Amino acid sequence: MNSDRVYLRSNTLLEPLIDQWYAWTHLIPPATCARNLTERHFKIMDSYIAAPQIHASAVKNPKMLGGPFIDYDGQRVDEIKELRARLLKQRPCLVTLSKALEELDRLLQSHAKGESLHSLYRQVPEVLKGYVELVYDLNNHPSFRLIEPLLYRSEFYSTESQSMMLSHISGDDRPFVLSTPRLPQAGALQMKLPFAHESVDYLFSSKLDPKPYPELVERCGIPPEDEQVFQSLFTTEKPARYRPYQGSGARWRYFGHACILLETATVSILFDPVLSYTYESSISRYTYDDLPEKIDYVVITHNHQDHVLLETLLQIRHKVGCVVVPRSGGGSLADPSLKLMLENIGFRNVVELNEMETLDMDCGSITGLTFMGEHADLDVRSKLAYMVEIRGHKLLFAADSCNIEPTLYRHLHRLMGDVRTLFIGMECDGAPLSWLYGPLLTRRMERVQDESRRLSGSNYAQAIEIVNQLNCKEVFVYAMGQEPWLNYVMSIKYAADSNPIVQSNQLIETCRERGMLAERLFGEHEMHLD
Ligand SMILES: [Fe+2]
Ligand SMILES: [Fe+2]
């Protein structure tokens, strides 16, 4: 192999890690990372160390899927203890930052009563001084704004904690990754490179464009003890080339969940990339191998880990022209900037869109539309539905938009006209607020509040109202988390009588009764727009 140019095998699994925890979007911005370290990771590790057997039985219980349990069968307690001690030693500044955010919140709640906030700056915890602005809303409710670009350039953002685990994958079955830190394992190697490092692009571009093996070893910094595993990830066999769409219209292909590739002969757009690797399976699907050599636009709908999957984004970064993201609210702890996050992990051309802003492209345009709900009533702005006009067709990618205010779609119809194709998520029994945002809370939330504030998408009544208002001709339910190869981040298993299935069946039935094309997407699907 040494003298040959080699290809990275298409079943090479990449797991991006931060301090051994699976990297997702809240682990990159310093403030949300600090809160997740102390309020999620330390708490899970403490609980495991105290009662590993409880974790072992909880992960076997399907009702507890996605819960805060470590999936090591009650074994490996010493390694988890060691990891906890190491993090405490190596990340003291994040522990301090997390405590400071809590203190600042307490200070504001107890001292800011509507009078000027200027005198409170003296009492802002030392480590946060210069990184926050204190603000009121118009009803004198105090809060703070994080100055995120400065935090990324401070001791609170360290790429030393970043690494990437490489191994082979041969089936859909992967354990849930968000509650279990990744420990060393036979057949896997840990590449100690920051996510933004250009060698990541060099490595993944070798899937199609072969590279000299010694150069790969050197650029990826592979030590001799890992060489055997590293070498096994490559082959001299040429992969089959993807043939891009060449027609005069457009074509979309469903890759699973909310991931859709829309192509014309000159432009390719990939929505919410979450991709399957290539291996034998009874469920037919498109994989990394079905992507064009260049993706002109990657378009992200919102900042939930099933829509912004770093594992996929890092592997396709080298072929992406531009990433389109929704603009964040600007400094709220619950709403970190997607643009800053992506730039800090190595994306060069990230464009923010706001509601009703349009990006023109060859043969069409992408317009950001209001995406309401699905964020537990938190003031999160980094969410957009996208109207794509391409070769005379209008498609709306609504992702998890929850139609809590139907009048919105009346306004949108007045401005945008009829929509041919609607893609709508109907995960209408979403997780409670605390599942995702819990570590960011500085005070305990009442259970009844938490249970009522959910990450829920549209139900039947809400979805059909969108169809009616926008006069849609074709309706595709997507983003349901049903593909088994996504269980490692989704933790969803529906039965035939699960509410999201019942509600989406009803939508499909009603639309079909009207003679429309309607389907719940699963696995793979292809449509031509001529
Ligand atoms: Fe979502
Ligand atoms: Fe989702």
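Attention in this report is confined to the structure presented alongside it. On a predicted model such as this, the values are computed, not experimentally measured, just so you know. (Residues numbered from 1 in each chain as written. Chains lettered and ligands numbered in written order. Predicted model: local features only at pLDDT ≥ 70, side-chain atom pairs only at ≥ 80, totals over all residues. Heavy atoms only, no water.)

**Details of the coordination of the iron ion (ligand 1)**
The iron ion (ligand 1) binds to the protein through His302 (NE2), His304 (ND1), Glu374 (OE), Glu374 (OE) and Asp400 (OD); the donor distances cover 2.2 to 2.5 Å. For the iron ion (ligand 1), the donor residues sit on a single chain with the sequence spacing H-x1-H-x69-E-x25-D. Between the two metal centres, the iron ion (ligand 1) and the iron ion (ligand 2), the spacing is 3.4 Å, with Asp400 acting as a shared donor. Placement of the pair is Glu374 in the loop between strand S17 (364–370) and strand S18 (384–390) and Asp400 in the loop between strand S19 (393–397) and helix H11 (407–416), with a sequence separation of 26 residues. Asp400 gets classed as buried once you look at its relative accessible area, which sits at 2%. (Donors = N, O, S within 2.8 Å, 3.2 Å for Na, K, Ca; no water. Helix = DSSP H or I, 4+ residues; strand = E, 2+ residues; numbered from the N terminus. Buried < 20%, exposed > 50% of the residue type's maximum accessible area, 1.4 Å probe, protein only.)

**With respect to the pairing of strand S21 (residues 474–478)**
Here S21 lies mainly inside the structure; five of its five residues are buried. Pairing geometry for S21 and strand S22 (residues 517–520), over four bridges, is parallel. Across the sheet, residue Phe476 finds its bridge partner in S22, namely Glu519. (Pairing = 2+ DSSP bridges.)

**Overview of the sheet that holds strand S1 (residues 5–8)**
Taken in spatial order, the three strands of this open sheet run S8-S1-S9, and their pairing is antiparallel. In this open sheet, the two edge strands, each paired with only one partner strand, are strand S8 (211–212) and strand S9 (234–235). Two elements, S1 and S9, share two bridges in a ladder whose sense is antiparallel. Directly across from Leu8, in S9, lies its bridge partner Phe234.

**Focus: the environment of Val475**
With respect to the helices, strands and loops of the structure, Val475 is situated in strand S21. Not counting residues within four places of it along the chain, the set of residues in contact with Val475 comprises Leu422, Ile424, Val467, Leu507, Cys511, Met516, Leu517, Ala518 and Glu519. (Contact = heavy atoms within 4.5 Å.)

**Structural notes on the nonpolar core**
The biggest cluster of nonpolar side chains holds 118 residues, and the ones touching the most others in it are Leu203, Phe230 and Ile345. Sequence-distant contacts of Phe230, defined by excluding residues within four places in its chain, comprise Leu166, Leu189, Leu203, Tyr213, Leu216, Val217, Cys220 and Ile222. In terms of nonpolar packing, the next biggest core, distinct from the first, is built from 33 residues, Val299, Ile390, Ala479 and Leu521 among them. (Core = buried A, V, L, I, M, F, W, Y, C linked by side-chain atoms within 4.5 Å.)

**Points about the sheet that holds strand S14 (residues 320–326)**
Pairing in this open sheet of seven strands is mixed, and the strands run S15-S14-S13-S12-S11-S10-S23 from one edge to the other. Strands at the two margins of the open sheet, each flanked by one partner only, are strand S15 (350–353) and strand S23 (525–529). Neighbouring strand axes in the sheet, compared pairwise and without regard to direction, differ in orientation by 20 degrees on average. With three bridges connecting them, strand S12 (residues 268–271) and strand S13 (residues 295–299) associate as parallel partners. Across the sheet, residue Leu270 finds its bridge partner in S13, namely Val298. (Axes fitted to C-alpha atoms, helices over the stretch in contact; angles between N-to-C directions.)

**Focus on the pattern of salt bridges**
What the rule picks out here adds up to 28 salt bridges. With a closest N to O distance of 2.9 Å, Arg35 and Glu102 form a salt bridge. Placement of Arg35 in helix H1 (residues 30–50) and of Glu102 in helix H4 (residues 92–111) is noted, with a sequence separation of 67 residues between them. Residue classification places Arg35 among the buried residues on the basis of a relative accessible area of 1%. Its salt-bridge partner being Glu215, residue Arg219 comes within 3.0 Å of it at the nearest N-O pair. (Salt bridge = Lys/Arg side-chain N within 4 Å of Asp/Glu carboxyl O.)

**Quick word on the packing of aromatic side chains**
The relation between two aromatic rings is expressed through the spacing of the ring centres and the mutual angle of the planes. Taken as a whole, this structure holds 14 aromatic pairs when the rule is applied. Ring geometry for Tyr152 and Tyr157: centres 5.2 Å apart, planes at 65 degrees, overall edge-to-face. Of the two residues, Tyr152 and Tyr157, both sit in the buried class. On the basis of an interplanar angle of 75 degrees and a centroid distance of 4.9 Å, the ring pair of Trp252 and Phe476 is categorised as edge-to-face. Of the two residues, Trp252 sits in strand S10 (residues 250–256) while Phe476 sits in strand S21, which places them 224 residues apart along the sequence. Each member of the pair, Trp252 as well as Phe476, is classed as buried. Through a chain of ring-to-ring contacts, three or more aromatic side chains come together here, namely Trp252, Phe271, Phe397, Phe423, Phe476 and Tyr478. Against the face of Tyr72 rests Arg76, its NZ or CZ located 5.1 Å from the ring centre. The side chain of Arg219 reaches across the aromatic face of Tyr202, ending 3.8 Å from its centre. (Phe/Tyr/Trp six-rings, centres within 6.5 Å; stacked < 30°, edge-to-face > 60°. Lys NZ or Arg CZ within 6 Å of the ring centre and 35° of its normal.)

**Quick word on the pairing of strand S2 (residues 12–18)**
With seven of its seven residues buried, S2 lies for the most part within the structure. Covered by surrounding structure in S2 are Thr12, Leu14, Pro16 and Ile18 together with Leu13, Glu15 and Leu17, the residues of both alternating faces. Pairing analysis gives seven bridges linking S2 to strand S6 (residues 162–168), with the strands arranged antiparallel. Directly across from Thr12, in S6, lies its bridge partner His168. Two strands pair when backbone bridges link them, and S2 and strand S3 (residues 21–22) are joined in this way by two bridges, in the antiparallel orientation. Residue pairing in the sheet places Leu17 in a bridge with Tyr22 of S3.

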